[in-house]
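Chain and residue survey
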Amino acid sequence: MVTDQLTTAPSTTPAWVSVRNGTGLAVLLLYALMPGIADIFDLPFYLDIFSRVMILTIAAISLNFILGFGGMVSFGHAAYLGLGAYAVGILAYYDIYSGWIQWPVGLAVSALFALVTGAICLRTKGVYFIMITLAFTQMIHFLFVSLEEFGGDDGLTIWNRSEFDGLIDLSNDLTLYYTIFVILVLSLALVHRLVNSRFGMVIQGARSNEPRMRALGFPTYRYRLAAYVIAGSLCGLAGILLGNDTEFVSPSDMHWTKSGDLIIIVVLGGMGTFWGPLFGALAFLLLEFFLSDIFIWWHLIFGPLLILVVIFARGGIDSFLGQQNGQGR
Amino acid sequence: MNEVILRVRDLVKHFDGVTATDSLSLEVLKGEVHAIIGPNGAGKTTLINQLSGVFLPDSGTIKFKDADITALPGFKRVHLGLARSFQITSIFKNFTVRENVALAIQSHAGHSFKFWRPARNDSQLTEPAQALLERIELGDRGDVLAGNLAHGEQRQLEIAMALAGDPEVILLDEPMAGMGGEDSDRMVQFLSSFKGRHTLLLIEHDMDAVFALADRITVLVYGRVIATGTPAEIRSNEEVRQAYLGEDEAA
Ligand SMILES: Nc1ncnc2c1ncn2[C@@H]1O[C@H](COP(=O)(O)OP(=O)(O)O)[C@@H](O)[C@H]1O
Ligand SMILES: [Mg+2]
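Cut-offs applied
Residues numbered from 1 in each chain as written. Chains lettered and ligands numbered in written order. Predicted model: local features only at pLDDT ≥ 70, side-chain atom pairs only at ≥ 80, totals over all residues. Heavy atoms only, no water. Phe/Tyr/Trp six-rings, centres within 6.5 Å; stacked < 30°, edge-to-face > 60°. Buried < 20%, exposed > 50% of the residue type's maximum accessible area, 1.4 Å probe, protein only. Domains from an automatic or database assignment. Contact = heavy atoms within 4.5 Å. Buried area = accessible area lost by both parts, 1.4 Å probe. Polar contact = N/O pair within 3.5 Å; in protein donor to acceptor, adjacent residues only side chain to side chain. Pairing = 2+ DSSP bridges. Helix = DSSP H or I, 4+ residues; strand = E, 2+ residues; numbered from the N terminus. Donors = N, O, S within 2.8 Å, 3.2 Å for Na, K, Ca; no water.

**Side note on the packing of aromatic side chains**
Between two aromatic rings, the relevant description is the distance of the centres plus the angle of the planes. All names here are of chain A. Taken as a whole and assessed by the stated rule, the structure comprises 24 aromatic pairs over all chains. Note on Phe-45 and Tyr-46: the rings are 5.2 Å apart at their centroids and 80 degrees apart in plane angle, and the pair reads as edge-to-face. With a relative accessible area of 42%, Phe-45 lands in the partly exposed category. A centroid spacing of 6.3 Å and a plane angle of 75 degrees characterise the contact between Phe-129 and Tyr-228, whose relative ring orientation is edge-to-face.

**Considering the domain arrangement of chain B**
Residues and elements named next belong to chain B. Entries for chain B in the domain assignment read domain 1 (1–81 + 169–251) and domain 2 (92–166). A straight line from the C-alpha centre of domain 1 to that of domain 2 covers 26 Å. Taken residue by residue, the interface counts 17 residues in domain 1 and 13 residues in domain 2. Buried area between domain 1 and domain 2, both sides added, is near 1,300 Å², and the carbon and sulfur share of it is 59%. Our count for the domain 1 to domain 2 interface comes out at five residue pairs in polar contact (both at pLDDT 80 or more).

**Observations concerning the pairing of strand β2 (residues 18–29) of chain B**
For strand β1 (residues 4–15) of chain B and β2(B), the ladder comprises eight bridges, and the chain directions are antiparallel. Pairing of B:Arg7 across the sheet is with B:Glu27, part of β2(B).

**As for the coordination of the magnesium ion (ligand 2)**
Residue and element names in this part refer to chain B. Only Thr-45 (OG1) and Gln-87 (OE1) from the protein coordinate the magnesium ion (ligand 2), and they sit 2.0 to 2.2 Å from it. Of this pair, Thr-45 sits in helix α1 (residues 44–51) while Gln-87 sits in the loop between β6 (82–84) and α3 (97–106), placing them 42 residues apart in sequence. Residue Thr-45 is classed as partly exposed on the basis of its relative accessible area, which comes to 27%.

**Some remarks on the pairing of strand β8 (residues 199–203) of chain B**
If a strand is regular, its side chains alternate between the two faces of the sheet. Residue and element names in this part refer to chain B. Most of β8 is tucked away: five of the five residues are buried. Side-chain alternation along β8 places Thr-199, Leu-201 and Ile-203 on one buried face and Leu-200 and Leu-202 on a second face that is also buried. Two elements, strand β3 (residues 33–37) and β8, share four bridges in a ladder whose sense is parallel. Each residue of the ladder has a partner; that of Ile-36, found in β8, is Ile-203. Summarising the sheet, strand β7 (residues 169–173) and β8 pair through five bridges and their orientation is parallel. Each residue of the ladder has a partner; that of Asp-173, found in β8, is Ile-203.

Structural data, given as structure tokens:
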């Protein structure tokens, strides 16, 4: 970075004009135009695929916040996808369709689960943290498997989407698609503000060197717990959208492999980068699409591929788009 | 000047089998530079870790300005005015020099549950940060990534981060670790500028630096204090010469 400053002549282009940001904006533009593209080429299922990718991106943005910026390797992040979706599903099961109730409940349940489990998980470190976050998610997974009332293993069909009377009609697929898109963009902006705030500096400092942060006088535990709760809530929101989008929820939404997929997306895209989750989720989709076409056991190729990414491109896809100009910028 | 600011009584710390701190008692006077010397593995870092709350002693007490801080969480000790630096450079290498110092200042500027305003152009942080950088003569290095600084500068930054909040006592764990002659001289000058402003508990291997800076010296061997006194007293102490200084001169 230093040499960079010395060798490049002063230019008039503002710092945010870069290949990286151009690529990110292009992907967002693609998502924004996708309904039109799907219409022109008569490929309506593209809308489904891309709304799913955008939801996965929101979940990955929330994981990137604690994993990439906060160094908390949660292997249980899919729990919040399930909790958000089940909040919608279970309330709908009892004929409560109002989004004004469903969404706050989904967010509150996710936040509470993050608060309780995070309070315990964050007392551990390293592999123990990974294992215990996984254990809590398995617990909640098996809880829903055992709840016959809500379909158990078979899951629960959601007959009506969340209702926001007078405000927005989510039963319209296109409206739901753009709602997800707007929430995706807002999530990117939210996490960007968070990581660059005073709070975010503490979170990033605690990732690099927690003992030093404490020696500077920061009570790191409570800041990390707050970050954990924020991430859980944001992923819960992704779950709420997932329930609305698929009109179905099952324990498989919070299976440990789903948590693994989210980690893969974050690592693939570039941990602790602004656009990483966006790139990672799209790449994940494309790889899944092409590899599964060639080979049913595509996960077998995927694993080694990911290891190569980790070894040769620690910054993930993001690092191919030019030098990183510092954390979180 | 003769007021005791940090009082350690009968401190004991075992690490499975090893007695790293052995009934250690110590008094640091307000305003003095109190050096702690001793061979590798004598338990110097372990002492600092207990004073700064990284881990609790097995027994004994630590008093700071008349408050018993033996069991106080480390981060709270900082806010009472007891700061430390690390033997292994513990700066944030992905942050710029200014961001490192600003983070240290942020710790003393109220709570950090502030989620929205960008910290990097928060003048309440950047201005004091720049002032502190001027003080340690890194004023023009603010925008450099800390990881790209020369070793000597990194050690300076390491200590600068302990200075935020203007602590009364600073525990310095081998500030000259890995430094060559010229850098060491600069560091000695830098540290001597602390006199009158901070009380220093200085752990250091560089004997020239210790004898140049210290008002009093405590010698630690196998976790135990074998002598405390003025530099002249320590120099002429037979037990110390045998246990420690003698070896040094022979080497
Ligand atoms: N966290 C720890 N776990 C186990 N043993 C330790 C730990 N820290 C220090 N020790 C042991 O305590 C003794 C004193 O170490 P230390 O305080 O680092 O010495 P010094 O700083 O004087 O070189 C050594 O025998 C060291 O191996
Ligand atoms: Mg040491």
